[in-house]
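One letter stands for each residue in the lines below.
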Amino acid sequence: MEAKTKPGTQPPTPGEGRAEVGQVTKKPRLTTSAMIASLAAEGQPTRPAPFGHALTALAETRPEIVGLTADLSKYTDLYVFAQAYPDRYYQMGMAEQLLMSAAAGMAREGFLPFATTYAVFASRRAYDFICLAIAEERLNVKIVCALPGLTTGYGPSHQATDDLAIFRAMPNLTVVDPCDALDIEQATHAIADHDGPVYMRLLRGNVPLVLDRYDYRFELGKARLLRDGADVLVVAAGFMTMRALEAADKLEKDGVKVAVLHSPTIKPLDERTILEQAQRGGRLIVVAENHSVVGGLGEAVAGVLMRSGVSARFRQVGLPDKFLDAGALPTLHDRYGISADTMVGSIKNWLG
Amino acid sequence: MATTHSGTAELSNVNLVDRAFRIRRNALRMGAVQGQGYIAQALGVADVLAVAYFHALRYRPDDPEWEERDRFCLSIGHYAIALYSVLIEAGVIPENELETYGTDDSRLPMSGMASYTPGMEITGGSLGHGLGISVGMALGLKRKGSKSLVYNLLSDGELDEGSTWEAVQSAPHWQLDNLIAIVDVNNQQADGPSRSVLNFEPLHAKWDAFGWHVERVNGNDLDALAAAFDRARGLKEAKPRVIICDTRMAKGVPFLETREMTHFLRVDAHEWDLALEALDAGRVR
């Protein structure tokens, strides 16, 4: 069952908080560790099951689309597709290795499989099968996975804090981390149009809607500047773009001008746009991601800057290189510094 | 224009003896190119492949991607030398390519990969992948209303892999009567006799319990193999089929058959010619 929790309002736990975390508002601590908590703040507009509805709409004109899951249709929103197209839906059982190899087999026969599970199971359990049966063969399989990064309080068994690092290293694979309901809807269409294997991180259930307020359209392989600002450039992906926009609003009140560059395609990275923005000198560059600071967007961006000879003050907002605690998401997001408030504090500290 | 090999009608057992002999000969010639390889497996499984490609499968040698072909998936990538041998005999790969086996830029790498070789349906090698991919292909073929069958050759050692059993459990669930698994039981894997590495018996009872139609035959008996393939293909029940083939490593070359640890067979330089001579001698006999 879905528990609605209010994000970003708890103080960091002493000893666990990051040194650079700033002042945050005190609210009563939530103590539940809900399996799947909505990321939506109270009163925030949301759309239900954006991936499920987008795939179902797409399937109307694309008869080659089939949906496969490993006992997680409900929690990856694939159930919407399954209800609309029961004969194109394949329940493979709780067997992720089979899920990926069978998806490869169906792609070999000309179908366009969307295979869903949790990000931990795809990246850890089924790695070899995605790598060799799908990616090495450039098969047209779309792997769509819920619970990316720190989006559940269940602890390391369900927290895919390393999936981007794992999948970035896999040749031929396109890696996407959309921000909100709009992004997910548009990305679903875009990855279906792309000929080749894709890994997409998924927010499911009632997913916040944020990007409709910006001049934005998802384009595979493209980063988009959502707001400009002269002091700080935040490069972000996934729901951290949402957090970055919120943090930018808060910082503006204190006279700090923050630009937010949303880069939902992690691989191939839109190096050109990132470099263009990074070369607009003097700004602190912060990469914000819902992932370990090891091997994700942050290190990808750092690599681009280094290789291109762009030197800048560079900081990362991301999860620490450790197995994370169980607990309520707002608590954990504060504890590990990826809530909007902790991000505000971090940026203020870095600016000095 | 295209010739189609299609099923039972065309070849007598006499032809199959010839086919199996030439498959073994191709394998030995390729082994000699590299001076090493999984030659014992190739010699052991040659009769199974002869029956598969010259008795059972529908395919067009000059059009390996013909939509109506039966799919033959080699889960065991290291058996590539065996599959190349039969693909050469079938006319899918020109015979002169045999000289390139395992060399730089060859279409015949030492482990089988789909993107390299015509007639190689999947990339095997990471053991435990093939049967799951075959389940997906069988599901796909059913979706298309195709009459084509999916054959998947796996090994007894591959039964150690848990992913194989995910697929074994799945195929009967989907009533995949278009899927025929072939298990080569030669009782040899990297660290020794398979039964001592991890006992896989009772195989018949296991596959039967999972809901498969099971045939178990002497995999070096062409008549028995042909009959087993016929029964597996002719079955009316809506369930997948498995043909468990007990084979002898290095079959056809007596002085290699008796060696221990035949998984990756040591053959000295001068022995390749001796092996070909021994094979030829056996054919005359």
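Residues numbered from 1 in each chain as written. Chains lettered and ligands numbered in written order. Predicted model: local features only at pLDDT ≥ 70, side-chain atom pairs only at ≥ 80, totals over all residues.

## Description of the sheet that holds strand S11 (residues 224-227) of chain A
Residue and element names in this part refer to chain A. What the five strands build is an open sheet, ordered S11-S13-S12-S15-S16; its pairing is mixed. On the outer flanks of this sheet lie S11 and strand S16 (314-319), each paired with one strand and no other. Along the sheet, successive strands turn relative to each other by an average axial angle of 25°, direction set aside. Where helix H10 (residues 297-307) meets the sheet, its contacts fall on strand S12 (232-236), strand S15 (284-292) and S16, and the angle it forms with S15 comes to roughly 145°. Running at roughly 145° to S15, helix H12 (residues 340-351) makes contact with S12, S15 and S16 of the sheet. (Pairing = 2+ DSSP bridges. Helix = DSSP H or I, 4+ residues; strand = E, 2+ residues; numbered from the N terminus. Axes fitted to C-alpha atoms, helices over the stretch in contact; angles between N-to-C directions. Contact = placed C-beta atoms within 7 Å.)

## What to know about the environment of Leu198 of chain B
All names here are of chain B. In this structure, Leu198 sits in the loop between helix H6 (194-197) and helix H7 (203-210). Exposure remark for Leu198: the 12 C-beta atoms within 10 Å place this residue in the exposed category. Here the alpha-carbon distance between Leu198 and Val45, two residues 153 residues apart in the chain, equals 21 Å. (Buried ≥ 20, exposed ≤ 12 C-beta atoms within 10 Å, placed from the backbone.)

## Some remarks on the interface of chain B and chain A
Chain B puts 20 residues into the contact, and the matching count from chain A is 21 residues. Listing elements by their share of the side of chain B that touches chain A, those giving two or more residues are helix H4 (130-144) and helix H5 (162-173) of chain B. In terms of residue count, the dominant contributor to the side of chain B that touches chain A is H4 of chain B (11 residues). Class assignment of the residues belonging to the side of chain B that touches chain A gives a composition of seven nonpolar, 10 polar and three charged. (Nonpolar A, V, L, I, M, F, W, Y, C, P; charged D, E, K, R; others polar.)

## Comments concerning the domain arrangement of chain A
All names here are of chain A. According to the domain assignment, chain A consists of domain 1 (46-208) and domain 2 (221-351). Taking the mean C-alpha position of each, domain 1 and domain 2 sit 25 Å from one another. Each side of the interface is counted separately: domain 1 has 25 residues, and domain 2 has 29 residues. Elements that contribute at least two residues to the side of domain 1 that touches domain 2 include exactly helix H6 (163-168), strand S8 (174-176) and helix H7 (181-193). Per-class residue counts for the side of domain 1 that touches domain 2 are 13 nonpolar, six polar and six charged. (Domains from an automatic or database assignment.)

## Remarks on the pairing of strand S6 (residues 112-118) of chain A
Residue and element names in this part refer to chain A. When you tally the buried positions in S6, you get seven out of seven residues, the bulk of the element. For strand S4 (residues 65-69) and S6, the ladder comprises five bridges, and the chain directions are parallel. Paired with Thr69 across the bridge in S6 is Thr116. Relative to strand S7 (residues 142-146), S6 runs parallel, the two being bridged by five bridges. Within S7, the residue paired with Phe114 across the bridge is Lys142.

## Brief notes about the confidence of the model for chain A
The predicted model of chain A averages 92 in pLDDT, with 89% of residues at 70 or higher. Segment residues 1-24 of chain A is flagged for pLDDT under 50; beyond a separation of four residues in sequence, or across chains, it makes 66 contacts in the model. (pLDDT = per-residue confidence, 0-100.)

## Regarding H10 of chain A
Residues and elements named next belong to chain A. Those residues of H10 lying buried are Leu297, Gly298, Glu299, Ala300 and Val301. Tucked into the core, H10 has its buried residues touching H6, S12, strand S14 (265-267), helix H9 (271-278), S15 and S16. Immediately beyond the C-terminal end of H10, within one or two residues, lies Gly309, with a positive phi of roughly 70°.

## Notes on unusual backbone geometry
A cis amide bond links Lys267 of chain A to the next residue, Pro268 of chain A, at an omega of -5°. Among the secondary structure elements, Pro268 of chain A is positioned in the loop between S14 and H9. Here the amide bond leading from Glu201 of chain B into Pro202 of chain B is cis, since omega sits at 0°, within 30 degrees of zero. The topology assignment puts Pro202 of chain B in the loop between H6 and H7. Despite not being glycine, Ala49 of chain A has its phi angle at roughly 45°, a positive value. On the secondary structure map, Ala49 of chain A appears in the loop between strand S3 (46-48) and helix H1 (50-61). Given 21 C-beta atoms within 10 Å, Ala49 of chain A falls into the buried group. Located in the positive-phi region is Ala250 of chain B, a residue other than glycine, with phi close to 65°.

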